[in-house]
Amino acid sequence: MKLAFIGTGYVGLVSGVMMSHLGHHVICIDVDKSKINLLKEQKSPIFEPNLESYLLNCSNQGRIEFSHGYDNKLSEVDCVFITVGTPSMEDGGADLSYIYEAADKVAQHIRPECVVVIKSTVPPGTCQSVQNLLIKNGFKNSVVSNPEFLREGSAISDFLNPDRIVVGTSDQHSALIMEQIYLPLINQGIKLVFTDLITSELIKYASNSFLAAKIAFINEMADLCEIVGADVEVLSEAVGLDKRIGASFLKAGPGFGGSCFPKDILALQKLTMASKGQFLLLDALITANQTRADKMVQKIKAALSNNLKNKTIAILGLTYKAGTDDLRSSPSIPIIEGLKKEGANIIAYDPKALKNVSKYFGSLDCRNSSIDAISDADALVIITEWPEFKDLDLATAKKVMKGNVIVDLRNILNPERVISNGFEYHSIGRRKLTS
Ligand code: UGA
């Protein structure tokens, strides 16, 4: 089939490349010329493991092309996926202007029977209003909702092995086209859930909010573990072994970030308020995550005898999780801001994010390796769970650091190893070990 993707951000680029890998002919369109130029050279504008090799393969087989304008090629496609961003507005609601802009431009080029799919995360009711807009332009089908569940860092395997594919449509023709598009995955036994537009749109918010709630829950449980002297790692494993709960998304840490969870829970809260409903659990989860960074700052301050003035703190890891170069809504941003406000000097290192730092931190003293960053530091704080930090050479670290404090906000270090190398170890809810 011939498919088009409007927007080569995270969702659009990964889905476009992988649809091409499944055998479809794909055209990816983006208004950003520099991104399209990179892609034409088979280079990915984002870091995602293995994406570039799939891109190269599909390009070599002539099944993917890139364009920076809405051109006539759109009139040849069977289905257009709208995958533009829906960022938060100041009041927390989702900004849908890119969706409407894309739909408007798409309407000027597609055939009346082309299927239009919204893959971006959009509040319930959006697909219907896009459909109303398209109908005015002679469009004959219903718009389809097909939310995406890819995670950054594991997007390729998430695409190839999804837990389910969700399709919202009331139109038989569109349903058939969607089935054909996903046939290679359906043939592997992946379940396709058909539903109406509103339910499909809400499924995405429900999934992200529920996962965010699991994280917020285990984070607060970790705080309680610290108070009563329990161990959150064992607790999390044992709780997760209950099949009704499940082991994933129970890793305590500095709070969830990224371009999805924080934005989506706010949009769901806004939607609930606009419909005069109440979602108390969601309100609590938002507050829990928003106050997390300050708790982390207080934890680091307590580890340094309650005084951060003129202390040098080495931050290892800036991205919101490992496996990505993305700094959007990373907990590192408010944590570093809070530490600076307390008078600390910050020196940072991240294996992937350094090129994006100025956009999110203004001026931040960054080094090119962990050892460079921790030299002469009073404390070392791990914010992102990059595997290389797990294997940090602690004997060398002890020699080059001025102080002996390690605050591990991801619980990735081995506490015995840390202590036996002469450090004080502070974690998120692990049982305290002393030397
Ligand atoms: C999330 C969802 O997991 C995807 O299914 C969804 O498609 C995507 O949002 C989206 O809406 O586009 P992503 O933001 O890439 O994916 O990252 P996650 O792996 O879900 O992690 C989100 C945050 O939660 C990170 O800051 C991570 O460190 C944190 N987290 C995750 C924890 O603190 N503990 C955990 O146990 C799991």
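Residues numbered from 1 in each chain as written. Predicted model: local features only at pLDDT ≥ 70, side-chain atom pairs only at ≥ 80, totals over all residues. Heavy atoms only, no water.

A word on the overall build of the protein. When helices and strands are counted, the protein shows 19 helices and 14 strands. Relative to a compact globule of 435 residues, whose C-alpha radius of gyration would be 22 Å, the protein shows 23 Å and is just as compact. With the C-alpha coordinates of the protein rotated into their principal frame, the extents come out at 70 × 50 × 40 Å. Residue pairs at least 24 apart in sequence account for 72% of intrachain contacts in the protein once pairs closer than 6 positions are excluded. For the protein, the computed accessible surface area is about 19,300 Å², with 53% contributed by carbon and sulfur atoms. (Helix = DSSP H or I, 4+ residues; strand = E, 2+ residues; numbered from the N terminus. Rg over C-alpha atoms; globule rule 2.2 N^0.38 Å. Contact = heavy atoms within 4.5 Å. Areas by Shrake-Rupley, 256 points an atom, 1.4 Å probe, with all protein chains shown as cover.)

Here the focus is the packing of aromatic side chains. Considering all chains together, one arrives at four aromatic pairs under this definition. Plain terms: the ring middles of F5 and F81 are 4.6 Å apart, the flat faces sit at 5 degrees to each other, and that makes the pair stacked. Residue F5 is found in strand β1 (residues 2–6), and its partner F81 is found in strand β4 (residues 79–82); the two are separated by 76 residues along the sequence. The class of F5 is buried, set by a relative accessible area of 0%. Using a relative accessible area of 0% as the deciding quantity, one classes F81 as buried. A centroid spacing of 6.1 Å and a plane angle of 70 degrees characterise the contact between Y349 and F389, whose relative ring orientation is edge-to-face. In this pair, Y349 is assigned in strand β10 (residues 345–349) and F389 in helix α17 (residues 387–390), connecting sequence segments 40 residues apart. Using a relative accessible area of 8% as the deciding quantity, one classes Y349 as buried. Through successive ring pairs, a cluster of aromatic residues spans F249, F256 and F261. A cation over an aromatic ring shows up here: K204 above the ring of F149, its NZ or CZ 5.8 Å from the ring centre. (Phe/Tyr/Trp six-rings, centres within 6.5 Å; stacked < 30°, edge-to-face > 60°. Buried < 20%, exposed > 50% of the residue type's maximum accessible area, 1.4 Å probe, protein only. Lys NZ or Arg CZ within 6 Å of the ring centre and 35° of its normal.)

It is worth spelling out the site of the ligand at this point. Neighbouring the ligand are 19 residues, the closest being F149, L150, E152, K204 and N208. The separation between an oxygen atom of the ligand and a polar main-chain atom of F149 is 2.8 Å. In this structure, N208 approaches the ligand through a side-chain N or O atom, which is 2.8 Å from an oxygen atom. Compared with its free state, where it exposes 710 Å², the ligand has 92% of that area covered by protein. Listed by contribution, the elements that provide at least two residues to the shell around the ligand are α9 (197–228) and α11 (261–274). In terms of residue count, the dominant contributor to the shell around the ligand is α9 (three residues). Class assignment of the residues belonging to the shell around the ligand gives a composition of nine nonpolar, two polar and eight charged. (Near = heavy atom within 4 Å. Polar contact = N/O pair within 3.5 Å; in protein donor to acceptor, adjacent residues only side chain to side chain. Nonpolar A, V, L, I, M, F, W, Y, C, P; charged D, E, K, R; others polar.)

Among all positions of helix α12 (residues 280–290), only L282, L285, I286, A288 and N289 are buried. Buried residues of α12, seen end-on, are gathered within an arc of 165 degrees and therefore sit on one face of the element. Within α12, the exposed residues directed more than 90 degrees away from the buried face are L280 and Q290. (Arc of directions from axis to C-beta.)

Right, let's get into the packing of α9 against helix α10 (residues 232–240). Two elements in contact, α9 and α10, have axes separated by 9 Å at closest approach and are oriented at 135 degrees. Comparing the axis directions of α9 and α10 gives the class oblique. Handedness of the crossing formed by α9 with α10: right-handed. Judged by residue contacts, I218, M221, A222 and C225 of α9 engage V232, L235 and S236 from α10. Considered class by class, the residues forming the contact of α9 with α10 number six nonpolar, one polar and no charged. (Axes fitted to C-alpha atoms, helices over the stretch in contact; angles between N-to-C directions. Parallel < 35°, antiparallel > 145°, perpendicular 65-115°, else oblique. Left-handed = near helix turned anticlockwise from the far one by under 90°.)

Simply put, disulfide is the name for a covalent bond between the sulfur atoms of two cysteines. Here the structure, examined in full by the defined rule, presents zero disulfides. In this structure C58 is a free cysteine whose sulfur lies 9.9 Å from that of C28, the closest cysteine sulfur available. Lacking any disulfide linkage, C79 is separated from the closest cysteine sulfur, that of C114, by 6.2 Å. Since its relative accessible area comes to 0%, C79 is described here as buried. (Disulfide = S-S within 2.5 Å.)

In this section: the environment of I46. Of note, I46 is situated in the loop between α2 (33–40) and α3 (51–60). With 280 residues separating them along the chain, I46 and D326 place their C-alpha atoms 8.4 Å apart. Once residues within four sequence positions are removed from consideration, I46 is found in contact with Y10, L13, L51 and D325.

Fair warning: the whole summary comes from geometry, so function is off the table for now.
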